[in-house]
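Residue-level structure breakdown
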Amino acid sequence: MIRSPWFWVTVLLIAAGVALTALLGVLGWVALTLALAIFFLDAILLYSCYVVPDVDPPSLPELEPVLNEERLPLIHDCDLTMGRAFRDVGDGLALLYLLGEPSIDVQAITTTYGNGPVGLTTRTARGLLAQLNVETPKVYRGAGSPGENPKENEAAMHLVASVNARPNEFVLLATGALTNFRHAAALDPDFFSKVKGLIVAGGATGPVMWRERRLLERNFSLDPEAAYAVIQASCPVTITLGEAGLTGIIRSPQFAALEALDDPVSRLIVKRCRIWFGLMRLWFRDDGFSTWESIAATAITRPELLRVDRGYLPTTIEDLKSGRLAFDRDAVGPVQLVRGVKDYEGFVEAQFAAWHHLGCYTETQQ
């Protein structure tokens, strides 16, 4: 606990309160009361972050190696902020899952905005790979807003070059704003026709309520024109709905099991997610945080673990300004919707097995 920055913030605030008490005399009780209130709130957060049950390390399946020529080439377009103060951790968990899954060959990471500005997401993605001590995949900075020039978008140019070099081979996973794909289509009108499959996290078919709190859609709504282009893409499209994220929550037993694994990647995840874990436990009172983006990644590798519909989306750009998706299950349509996790235990085991596999690999490289 003493390694937590929150602990030392609390110590400094108490010291400041004591100093103000001495300086202000008759008004010192105000400063002292404020310091005690902050100490109390910080103690609650620390308790929420650190107190989990004692569990034994989980028994995980050993992932078998896959020949390079049989691995699926993938580009992850994401707004990664895992480990940043008060920022979501989902994109980072999904990326670590993909890096640890032997059947997936992550060829590149393209960054976008959403959980934070694109400069922050780019630095965070590069920092995460540096901490893993891996030279690949490379990170390409993408658009920072819908109005930027496609010809100046490094990520969009890399997406176009990749699918042109290997048409109908790349799967693209998008877990943030979709501007990079709209820019790629602007650079090459045939872009989507050269993509093997497109999996996105975004949209909702109705209000998404988590413990009586309504969640705003923050992927499709950031660039509705881009979201519309993706929905209408000529390649196979799978959309992981916002409500699906509430079926894949990592709660305290799972967080404790992750701590017990004690490999480099599991330790990294625990360290970077602990504050977010504590904040989500307090805010939503559901003992954990969502792994929405990991559900989208699992749609590529283990779709049998998920509940999936297929239908037609008579959705307009106006709908997408709020992230709303109109869905007609009775109409014949090409779009798959991931509605949630069907096998929660299998889903968690798949995430842990890939993270642990990556951790064991990085341990051998040190």
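In this text the structure is predicted, and so the values were computed from the model without any measurement.

1. Description of the layout of surface pockets
Each pocket or cavity is described by its volume, and for the largest pocket that value is around 990 Å³. In terms of lining, the largest pocket is formed by 37 residues, of which the most central are Leu215, Leu216, Glu217, Arg218 and Trp292. Secondary structure elements with two or more residues in the lining of the largest pocket: strand 6 (208-210), strand 7 (213-215), helix 9 (264-284), strand 10 (288-290) and helix 10 (292-301). Partitioned by chemical class, the residues of the lining of the largest pocket number 15 nonpolar, 13 polar and nine charged.

2. Comments concerning the environment of Gly242
In this fold, Gly242 is placed in the loop between strand 8 (237-240) and strand 9 (249-251). Residue classification places Gly242 among the buried residues on the basis of a relative accessible area of 18%. Setting aside anything within four residues of it in sequence, one finds Gly242 in contact with Gly202, Gly203, Val208 and Trp292.

3. Structural notes on the sheet that holds strand 12 (residues 335-341)
Reading across the sheet, the eight strands line up as 3-2-1-4-5-8-12-11 and stay open at both edges, with mixed pairing between neighbours. Whereas interior strands pair on both sides, the edge strands pair on one side only; in this sheet they are strand 3 (138-140) and strand 11 (306-311). Averaged over all pairs of adjacent strands, the angle between their axes in this sheet comes to 25°, without regard to strand direction. For strand 1 (residues 72-78) and strand 2 (residues 104-111), the ladder comprises seven bridges, and the chain directions are parallel. The residue bridging Leu74 from the neighbouring strand is Val106, located in strand 2. The strands touched by helix 4 (residues 118-132) within the sheet are strand 2 and strand 3, with strand 2 carrying the most contacts at an inclination of about 145°.

4. Observations regarding the nonpolar core
One finds Met82, Leu96, Phe289 and Trp355 to be the most contacted residues of the largest nonpolar core, which totals 63 residues. Broken down by element, the residue count for this core peaks at 10 residues, all from helix 9. Excluding its chain neighbours within four sequence positions, the residues that come into contact with Trp355 are Leu93, Leu96, Tyr97, Leu258, Asp263, Val265 and Ile269. Counting residues in hydrophobic clusters, the runner-up holds 35 residues, among them Phe170, Leu178, Phe181 and Ala184.

5. Notes on the packing of helix 3 (residues 90-100) against helix 10
Each packed pair of helices is defined by two parameters, the angle between the axes and the distance between the axes. Running from amino to carboxyl end, helix 3 crosses helix 10 at an angle of 25°, the nearest separation of the two axes being 7 Å. Put simply, helix 3 runs roughly parallel to helix 10. Classified by chirality, the crossing of helix 10 by helix 3 is right-handed. Residues Gly90, Asp91, Leu93, Ala94, Tyr97 and Leu98 of helix 3 form the contact with helix 10, whose own contacting residues are Glu293, Ser294, Ala297, Thr298 and Thr301. Taken together, the residues that form the contact of helix 3 with helix 10 break down as five nonpolar, four polar and two charged.

Criteria and thresholds
- Residues numbered from 1 in each chain as written.
- Predicted model: local features only at pLDDT ≥ 70, side-chain atom pairs only at ≥ 80, totals over all residues.
- Heavy atoms only, no water.
- 1 Å grid on protein atoms, 1.4 Å probe; cavity = no way out; pocket = protein on both sides within 12 Å on 5 of 7 lines; lining within 4 Å.
- Points joined across faces, edges and corners; volume = space filled by probe spheres on them.
- Helix = DSSP H or I, 4+ residues; strand = E, 2+ residues; numbered from the N terminus.
- Nonpolar A, V, L, I, M, F, W, Y, C, P; charged D, E, K, R; others polar.
- Buried < 20%, exposed > 50% of the residue type's maximum accessible area, 1.4 Å probe, protein only.
- Contact = heavy atoms within 4.5 Å.
- Pairing = 2+ DSSP bridges.
- Axes fitted to C-alpha atoms, helices over the stretch in contact; angles between N-to-C directions.
- Core = buried A, V, L, I, M, F, W, Y, C linked by side-chain atoms within 4.5 Å.
- Parallel < 35°, antiparallel > 145°, perpendicular 65-115°, else oblique.
- Left-handed = near helix turned anticlockwise from the far one by under 90°.

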